[in-house]
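# Understanding the architecture of this molecule
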Amino acid sequence: MDERDETIEGLRKDVFAATVNRGLVYTAMLKEMRKEFGEEKASQVFKRAIFDHGVKMARFLDPPGELGAFKEWLLDFLPDGGAMHEPEVLRCDEGGLDVKMHRCPLKEGWRMLGLSEEEVADLCRHADAFDHGFFGSVFDYSMDLWSEQPDDSCILHFRPKRGGK
């Protein structure tokens, strides 16, 4: 492996580790919030904070509001040419964009920590608040969680926002 390939491989590992670290931060924050506030209040506060962060990131990154352009933007935006998520476009037309994510570094990190599938699904539902803030700033967004799919993949759904961006 030459120096360039070693650098690229190192960067891949760094981006994966940074994403796993984000998942660990989510886990630690939610755990402490649950101790302090109880389940319901902690969940509400956590999701509200992560949602707001998603909204701010959408303003910062300004993804396009047209579905075809957004598809290209999203696929270009995913790290390492999409290798960490392995996206598969299921649909892209004027009515909607559906993207299946065959991998998720957050989910993989939580599993590497030995969390139960129920704990991982709970954390995924909480982390999805970011996507609702980010993607929901531009589109009507929803996600079919991996735990409800036969192949362990999540499916992201983007629809034109009623009333525009």
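Here goes a summary of the coordinates provided. All values derive from a computational prediction rather than experimental measurement. (Residues numbered from 1 in each chain as written. Predicted model: local features only at pLDDT ≥ 70, side-chain atom pairs only at ≥ 80, totals over all residues. Heavy atoms only, no water.)

### Digging into the overall build of the protein
Looking only at helices and strands, one finds five helices and four strands in the protein. Its helices and strands taken in sequence order, the protein reads α-α-α-β-β-α-α-β-β from the N to the C terminus. Computed over the C-alpha atoms, the radius of gyration of the protein is 17 Å, within 12% of the 15 Å expected from 2.2 N^0.38 for a compact globule of 165 residues. With respect to the three principal axes, the spread of C-alpha positions in the protein is 50 × 45 × 35 Å. Within the span of the protein, comprising 165 residues, buried residues form 36% of the whole. Of the accessible surface of the protein, which amounts to about 9,400 Å², a share of 53% is contributed by carbon and sulfur atoms. Put simply, the protein has 23 plus and 33 minus side-chain charges, and the middle of one group is 5 Å from the middle of the other. (Helix = DSSP H or I, 4+ residues; strand = E, 2+ residues; numbered from the N terminus. Rg over C-alpha atoms; globule rule 2.2 N^0.38 Å. Buried < 20%, exposed > 50% of the residue type's maximum accessible area, 1.4 Å probe, protein only. Areas by Shrake-Rupley, 256 points an atom, 1.4 Å probe, with all protein chains shown as cover. Lys, Arg positive; Asp, Glu negative; His and termini not counted. Charge placed at Lys NZ, Arg CZ, Asp CG, Glu CD.)

### Section: the packing of helix α1 (residues 3-37) against helix α2 (residues 39-61)
Two measures define how a pair of helices packs: the angle their axes make with one another and the distance between the axes. It is at 7 Å that the axes of α1 and α2 come closest, and there the two elements cross at 140°. Considered as vectors, α1 and α2 are oriented oblique to each other. In the packing of α1 onto α2, the handedness of the crossing is right-handed. Judged by residue contacts, Y26, M29, L30, M33, R34 and F37 of α1 engage E39, K41, A42, V45, F46 and I50 from α2. Classifying every residue of the contact of α1 with α2 by side-chain character gives nine nonpolar, no polar and three charged. (Axes fitted to C-alpha atoms, helices over the stretch in contact; angles between N-to-C directions. Parallel < 35°, antiparallel > 145°, perpendicular 65-115°, else oblique. Left-handed = near helix turned anticlockwise from the far one by under 90°. Contact = heavy atoms within 4.5 Å. Nonpolar A, V, L, I, M, F, W, Y, C, P; charged D, E, K, R; others polar.)

### Quick word on the pattern of salt bridges
Close approach of charged atoms lets side chains of opposite charge pair. Here the structure, examined in full by the defined rule, presents 14 salt bridges. In this structure, the salt-bridge partner of D152 is K107, at a minimum N-O distance of 3.3 Å. Residue D152 is found in the loop between β3 (139-144) and β4 (154-160), and its partner K107 is found in helix α4 (residues 105-112); the two are separated by 45 residues along the sequence. A relative accessible area of 26% places D152 in the partly exposed class. (Salt bridge = Lys/Arg side-chain N within 4 Å of Asp/Glu carboxyl O.)

### Some thoughts on unusual backbone geometry
One non-glycine residue, D62, lies in the positive phi region at around 50°. Along the chain, D62 falls in the loop between α2 and α3 (67-77). The backbone phi angle of D80 is positive, close to 55°, even though this residue is not glycine. Its place among the elements puts D80 in the loop between α3 and β1 (87-93).

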